[in-house]
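For reference, the chains in residue letters:
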Amino acid sequence: MSRRISERRPTLSPLNRRQFLSGAAAVVGAAGIRYPIWALPGPSSAGNLLLGVDYYPDQTPESLWDEDSRMMAEFGFTNVRIAEFAWGLMEPAEGKFDFAWLHRAVETLHKYNISIILGTPSAAPPPWLMVKYPDVVEVNEKGEPLHPGGRRFTCPTNQVYRRLSLIIASAMAREFAETPGVIGWQIDNELTLGSSPRCYCNFCQAGFQTWLRSRYGSLDNLNKSWGTVFWSQTYTDFSQIPVPLPSGGDPNPGLALDYDRYQSYANVSFQDEQLVMLRKTCPRHFVTTNNVGLPLDTIDLRSLYEKLDFVAFDNYPGFFEMLLHQESNSPISPDTIPANIALGHDFARSLKGGKPFMIMEEQSGKAGQRSFSPQPEKGQVRLWTHQAVAHGAMGVNYFRWDTATFGAEEYWHGILNHDRSRSPGYNEIKQAVKELKGLGPEVLNSSYAADAALVFDYDCSWAVKIQPGNFALSYMAQVTSWYGAMSASHTGIDVITPGADLAAYKIVFAPVVYVLSEAQAARIRSFVQGGGMFVTNFRLGVKTETSQMVRTPLPGLLRDVMGVTVADYVPIYSAKQGVKFSPTLAGADGQCGLWADILQPSGAEVLGSYTNGEHAGEAAVTMNSFGKGKAIYIGGDLDAASLSRVLRALAASAGVKRPFDVPAGVELTVRKSGDKQWIFLLNHTSVAQTVGLTTAFTDLLTKEAQSGTIELSGYGVKVLQASV
Ligand SMILES: [Zn+2]
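Residues numbered from 1 in each chain as written. Predicted model: local features only at pLDDT ≥ 70, side-chain atom pairs only at ≥ 80, totals over all residues. Heavy atoms only, no water.

Draft legend 1. Molecular detail of helix 17 (residues 475-487). Between its terminal C-alpha atoms helix 17 stretches 18 Å, which fits the 18 Å expected from 13 residues at 1.5 Å a residue. Counting buried positions along helix 17 gives 11 out of 13 residues, so the element sits mostly inside the fold. Looking only at helix 17, the buried set comprises Tyr475, Met476, Ala477, Gln478, Val479, Thr480, Trp482, Tyr483, Ala485, Met486 and Ser487. The backbone nitrogen of Met476 has a side-chain oxygen 3.3 Å away, supplied by the residue at the start of helix 17, namely Ser474. (Helix = DSSP H or I, 4+ residues; strand = E, 2+ residues; numbered from the N terminus. Expected span 1.5 Å × (residues − 1). Buried < 20%, exposed > 50% of the residue type's maximum accessible area, 1.4 Å probe, protein only. Polar contact = N/O pair within 3.5 Å; in protein donor to acceptor, adjacent residues only side chain to side chain.)

Here it is in structure tokens:
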């Protein structure tokens, strides 16, 4: 699917990029321009680190810019991100540009050696645009148009909006391509985050029809792939194909899944138009975009970041916790915040095959709008900063410098309060920046060590949302609970998407593989054959890529690899199904909620059996030897404690190890560079914890020797390097 999509998008000339990378160092150095961190051949001086803050000169009196810049420099910041919501000031009327104010802001910042990341402003168009071009608004899933006055209310397909977005971004790029101090670009802002996740307007319908024509080639192929004979939906012209708006009955599952794919494609191609322009106009600058990542699944982020220089994410643990309290029926417990944040970081790192990522917005204080989170407890912002680095971040920008005194985000608190006094987090953030500079580029650009991988598949997420089977079944909740179960093992986990090379891992976890392509099935087969351990659960291989049911006994394409046949599949609504484990997985009996696949082994060993009702005694968990590896099928939706025990036991049997044990509430990660290794210890609890070390280390944050039993203060952090 994604291969076909990427073939359709505009492509860059890799030759030009390589030419630049190989030849530009001398030119850039001679011109006195700071070399962007993404292009560096290896570890660099501390001056190239991205440790900054999000700044809004457009919202701050010009009389304060000099003082702000001086204070940022004294604070230790190396860079800012600016202008991503300043379209109205930069283009006050169509085709009339005013960049004088932005030049003055950039010059002021650069005077204090603060580098600048510029944001293109397409997330919030100005009022003149909306009056002249009212058709650019997004239409939500009920068929209602959104209205101007907020942000992210425009259609990703609309050619007029694309043209106007490209015009302002191009004007910015031409204006600042050679301006000293400018080092890179953020395209748009949080493309994944809107009040309604997808657009259903007439332009999107036409765009969808064009995309389908390219994807399927013929109507005959499309009609067969979707099974449109059902409910008399056979299309005789592409222009007849609707979008999945309310229609008195559920849409065709194939159409609905393709519409989610199309909306993702539309956003990626919207971004790519600006990217192609920026590559051409500003070849010396890096280009990225920022997102909030999981649990939002509106855009396939692997496609979105494919051609960008590095991944950038926004990270608000306290705000996320407040949202969980607000959504009382959320399947995610607030207790699991540290693991959920870690999942986001691991996903960010894995999107570009392990390349270090950047936090473009890090929570610095009370965060939110109508409701906001409390001030993070003392030590938490520093802890969150180090947690990002522990999982592979190379840089952090804090949101934001001063707190707005007007507008919808007055309560997103910054490093300065509304009255410009220092926020409660001021000194702590200053300390964290100093510590990251002290760690230096080698640590910040090191790789993350992971023997295990967890698969996240957008097709499965979208298809399960369209037909959950049990209304309470959520793909995202399954992924987060599996990650949470493994997180407690303190072993490195990459969060990979289908198509990733599995050979690098000892064990691969893949919950609810509802849609399974032949290519992905072949990769899994080859991984197990070669000696890997593959662990999956219910609903495996149910659907083809076009969202038709497979015509073979489940689990379809992987029946021989798993060594089982699914005799029946059972959504669970009331009494939970019990599970008794075999000696191989010895432990207390478990319970299954939501779902049970009843397994019939054809060669697989039974590791657990159901204990209730008509399926009592039938297989619930199986393990099959296939080639040199093992394939494990967990048929039921196991309770959290049993799932954690089972996954960790399987990981241990696959040879996954951690450097040493740590108590509950403490996180441990490992980053590596060559033969060097750094262990991050992060205490997510408010009380001191003790950790027993197995060898002698140096804490790089304090330069103190560490051995034997050490104490980690509440919300404390240590970065340990083995003493030589
Ligand atoms: Zn639209």
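Still more ground to cover, so stick around.
Draft legend 2. Seen up close, the environment of Ala510. If you trace the backbone, Ala510 turns up in strand 13 (residues 507-510). In this structure, the C-alpha to C-alpha distance between Ala510 and Ser269, residues 241 residues apart in sequence, is 29 Å. Excluding its chain neighbours within four sequence positions, the residues that come into contact with Ala510 are Val455, Trp482, Phe534, Val535, Thr536 and Asn537. (Contact = heavy atoms within 4.5 Å.)

Draft legend 3. Representation of the coordination of the zinc ion within the structure. In this structure, Cys155 (SG), Cys199 (SG), Cys201 (SG) and Cys204 (SG) serve as the protein donors to the zinc ion, at separations of 2.2 to 2.3 Å. Mapping the donors of the zinc ion onto the primary sequence gives the spacing C-x43-C-x1-C-x2-C. Taken together, the positions of Cys155 in the loop between helix 6 (127-132) and helix 7 (159-176) and Cys201 in the loop between strand 4 (182-186) and helix 8 (202-216) put the pair 46 residues apart, joining distant regions of the chain. In this pair, the class of Cys155 matches that of Cys201, namely buried. (Donors = N, O, S within 2.8 Å, 3.2 Å for Na, K, Ca; no water.)

Draft legend 4. Summary view of the packing of aromatic side chains. Tallying each qualifying case throughout the model produces 38 aromatic pairs. Between Phe99 and Phe176, the aromatic rings sit 6.0 Å apart at their centres with planes inclined by 90°, giving edge-to-face as the arrangement. Here Phe99 is found in the loop between helix 4 (87-90) and helix 5 (100-111), whereas its partner Phe176 is found in helix 7, with 77 residues between them in sequence. Phe99 sits in the buried class, given a relative accessible area of 6%. A relative accessible area of 0% places Phe176 in the buried class. (Phe/Tyr/Trp six-rings, centres within 6.5 Å; stacked < 30°, edge-to-face > 60°.)

Draft legend 5. Quick look at the pairing of strand 27 (residues 717-722). In terms of strand pairing, strand 22 (residues 676-683) meets strand 27 through five bridges, oriented antiparallel. In the sheet register, Trp678 faces strand 27, and the bridge partner there is Gln721. Sheet topology note: the strand 24 (residues 697-699)/strand 27 ladder contains three bridges and is antiparallel. Counted as the bridge partner of Thr698 is Gln721 from strand 27. (Pairing = 2+ DSSP bridges.)

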